[in-house]
Amino acid sequence: MSQGNTVDQELHRITEALRETQLEQRLDALEAKVDDGFAKTSAGLQEILRRLPAQA
């Protein structure tokens, strides 16, 4: 029975590692989207500021 228990424990460890990997990949993808969104927002704001008339 201890052999089955060891297998179950190993399967649990593998499952947890896969979940962590998947979560890390999803987090990396979200970070990339946030970075892209920030870059686009920044570029858009810079364009707006460039088009504003100069204030003396």
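Residues numbered from 1 in each chain as written. Predicted model: local features only at pLDDT ≥ 70, side-chain atom pairs only at ≥ 80, totals over all residues. Heavy atoms only, no water.

Caption draft 1: Region of interest: the overall build of the protein. Counting its regular elements, the protein contains 1 helix and 0 strands. Its C-alpha atoms give the protein a radius of gyration of 24 Å, more than 25% over the compact-globule value 10 Å for 56 residues. Along the first, second and third principal axes, the C-alpha atoms of the protein reach 85 × 15 × 5 Å. Here the protein displays about 5500 Å² of accessible surface, and carbon together with sulfur accounts for 59% of that area. Each charge class in the protein can be summarised by its mean position, and for the 7 positive and 10 negative side chains these summaries are 11 Å apart. (Helix = DSSP H or I, 4+ residues; strand = E, 2+ residues; numbered from the N terminus. Rg over C-alpha atoms; globule rule 2.2 N^0.38 Å. Areas by Shrake-Rupley, 256 points an atom, 1.4 Å probe, with all protein chains shown as cover. Lys, Arg positive; Asp, Glu negative; His and termini not counted. Charge placed at Lys NZ, Arg CZ, Asp CG, Glu CD.)

Caption draft 2: A look at a nonpolar patch on the surface. Together, Val7, Leu11, Ile14 and Leu18 line one region of the surface with nonpolar side chains, adding up to about 360 Å² of accessible area. Here leucine 18 is to be found in helix α1 (residues 2-51). For leucine 18, a relative accessible area of 51% corresponds to the exposed category. (Patch = residues over 30% accessible without salt bridge, like charges linked within 9 Å, V, L, I, M, F, W, Y side chains within 5 Å. Salt bridge = Lys/Arg side-chain N within 4 Å of Asp/Glu carboxyl O. Buried < 20%, exposed > 50% of the residue type's maximum accessible area, 1.4 Å probe, protein only.)

Caption draft 3: Fine view of a negative patch on the surface. Where like charges cluster on the molecular surface, the negative patch consists of Glu20, Glu24, Asp28, Glu31 and Asp35. Mapped onto the fold, aspartate 35 is located in helix α1.

Caption draft 4: Main features of the environment of serine 42. Within the secondary structure layout, serine 42 lies in helix α1. Considered as a pair, serine 42 and leucine 52 are 10 residues apart in the sequence and their alpha carbons are 16 Å apart.

Caption draft 5: Here's a closer look at the environment of alanine 29. Summarising the element assignment, alanine 29 is placed in helix α1. Classification of alanine 29 by relative accessible area gives partly exposed; the value is 40%. The spatial distance from the C-alpha of alanine 29 to the C-alpha of alanine 43 is 21 Å, given a sequence separation of 14 residues.

Caption draft 6: Molecular detail of the pattern of salt bridges. For the structure shown, the criterion picks out 5 salt bridges. Put simply, glutamate 10 and arginine 13 hold a salt bridge, and the shortest N to O gap is 2.8 Å. Taken as a pair, glutamate 10 and arginine 13 lie in helix α1 at a separation of 3 residues, close to a single helical turn. The exposure class assigned to arginine 13 is partly exposed, which follows from its relative accessible area of 48%. With its nearest N and O atoms 2.5 Å apart, the salt bridge here joins arginine 50 to glutamate 47. One end of the pair is arginine 50 and the other is glutamate 47, both in helix α1 and 3 residues apart, which spans about a single turn. Looking at arginine 50, the relative accessible area reads 58%, which means it is exposed. Classification of glutamate 47 by relative accessible area gives partly exposed; the value is 27%. When salt bridges that share partners are traced, they join Glu47, Arg50 and Arg51 into one network.

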